[in-house]
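# Fold and geometry: a report
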Amino acid sequence: MAVNLLRRIGIFILTAFVASMLVFLLLSVVPGDPARAQLGTDATQAEVEALQERLGLNRPVPLRYLSWLGGLLHGDLGTSFVTRQSVTPEVMNALQVSLLLVVAGMLVAIIIAIPLGTMSAMRQGRADGVMLSGLSQIGISIPNFLMALLLVVVFAVRWGVAPASGWVAPAISPGGFLAHLILPALALGIVRGAILSRYTRSAVLDIQRDDFMRTARAKGLTSGKALWRHGLRNALIPVVTVTGVEFSGLLVGAVVIETVFVIPGLGSLLLQSVANRDMAEVQAVVMVIVFMVLLINLVVDLAYTIIDPRLRSAR
């Protein structure tokens, strides 16, 4: 177990290192000069070169990368080209907001997916089972931004039961936080829940065909009791895999939802940084998103060994 843990952590560190190189190199070759973009077209070449020197843009790319990587290892995400201040506090604050939104969306997705997928599998071939499968297909076909707009029109504009935009920190007002969180979380979670329900349905159907489930039913257990006592844990293994992927997708997909609901998360910060041509802040936001995706994948890999003892390493 310890060897497996160390091996996966080593892979995680190596992947994060390679990802940091790719993020820096790809953003370094983006067309346009940040110094020229900040000074405007009327700036002289001497002024542009002076600003490039202050920002460190005139140094070779390998030296700039090593300097940036050293900052990352010490918790420094870089210095903004626009404000000349560290971007770390702003990015960390935005990350907290995005994580709250993504976790809430994931909870909504799981609450929808597990019952819907299980019931759809248990009632396969019946009218209600077909209806549940149809609902999941409809949910998959709706994009996140369209779901967000529909929720705003119905619950915020027509019924007025939830705010259409904005964000309140939970420390300031728990009630206001929940009120502003519910629609974005539903917009993220409904679509992902529909996707997860399809995988849950497939996993439950596969488990029901296994020999140990037939034996449990032959001993007198109903299909529901046999699934609850013996099959559900085995069915969770592929669902956990997809849940990790969908969690990463939620983190990336939150960019659109944060824009629709005017939420100050990583998505809004990334769009603002791109508009300002602040490549240092763009690098920081992208690297944080990549790191979180890799971390989620690491947690999912480790969860396998907890759910399925067969995947644990031998002594």
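Notes on the structure in this doc start here. Just so it is clear, the model here is predicted, and its values are computed rather than measured.

### Points about the overall build of the protein
- A tally of regular secondary structure across the protein gives twelve helices and zero strands.
- The linear arrangement of helices and strands in the protein, starting from the amino end, is α-α-α-α-α-α-α-α-α-α-α-α.
- Along the first, second and third principal axes, the C-alpha set of the protein runs to 85 × 60 × 35 Å.
- Scored against the burial criterion, the 315 residues of the protein give a buried share of 44%.
- When the accessible surface of the protein is split by element, carbon and sulfur atoms take 68% of a total near 16800 Å².

### Here's the deal with empty space enclosed by the protein
- The final tally for this structure, using the stated rule, is one cavity of 30 Å³ or more.
- Estimates place the volume of the largest cavity at around 40 Å³.
- Lining the largest cavity are I114, T118, T200, V204, L232, A235, L236 and V239.
- For the lining of the largest cavity, the elements supplying multiple residues, two or more each, are α5 (88-122), α8 (174-208) and α10 (223-260).
- Counting residues per element, the lining of the largest cavity draws most heavily on α10, at four residues.
- In terms of residue class, the lining of the largest cavity is made up of six nonpolar, two polar and no charged.

### Here we look at the pattern of salt bridges
- Inspection of every chain in the model, using the stated rule, returns two salt bridges.
- Among the salt bridges present, the one from R123 reaches D128, with a minimum N-O distance of 2.9 Å.
- We classify R123 as partly exposed; its relative accessible area is 27%.
- Measuring nitrogen to oxygen at the nearest pair gives 2.6 Å for the salt bridge that ties E246 to R192.

Rules behind the numbers
- Along every chain, residues carry numbers that run from 1 in the direction the sequence is written.
- For this predicted model, a pLDDT threshold of at least 70 governs which residues receive local features, and a threshold of 80 or more governs which side-chain atom pairs are given and counted, while totals over whole chains, interfaces and linings are taken from all residues.
- Calculated side-chain values reflect all of the structure's heavy atoms, with hydrogen atoms and water omitted.
- Strands are runs of DSSP state E lasting at least two residues, helices are runs of H or I lasting at least four, and both sets are numbered from the N terminus onward.
- Accessible area is worked out with a 1.4 Å probe on protein chains only. A residue is then buried under 20% of its type maximum, exposed over 50%, and partly exposed in between.
- Reported accessibility uses the Shrake-Rupley method at a 1.4 Å probe radius. Residues are deemed covered only where the shown protein chains occlude them.
- Lining residues are defined by having an atom within 4 Å of a point belonging to a cavity or pocket. Those points lie on a 1 Å grid over the protein atoms alone, cavities being sets where a 1.4 Å probe fits but cannot get out and pockets being open sets with protein on both sides within 12 Å along at least five of seven lines.
- Grid points are joined across faces, edges and corners, and a volume is the space filled by probe spheres set on the points.
- Residues are grouped as follows: Ala, Val, Leu, Ile, Met, Phe, Trp, Tyr, Cys and Pro are nonpolar; Asp, Glu, Lys and Arg are charged; all remaining types, including Gly, are polar.
- In what follows, salt bridge is the name for a side-chain nitrogen of Lys or Arg lying within 4 Å of a carboxyl oxygen of Asp or Glu.

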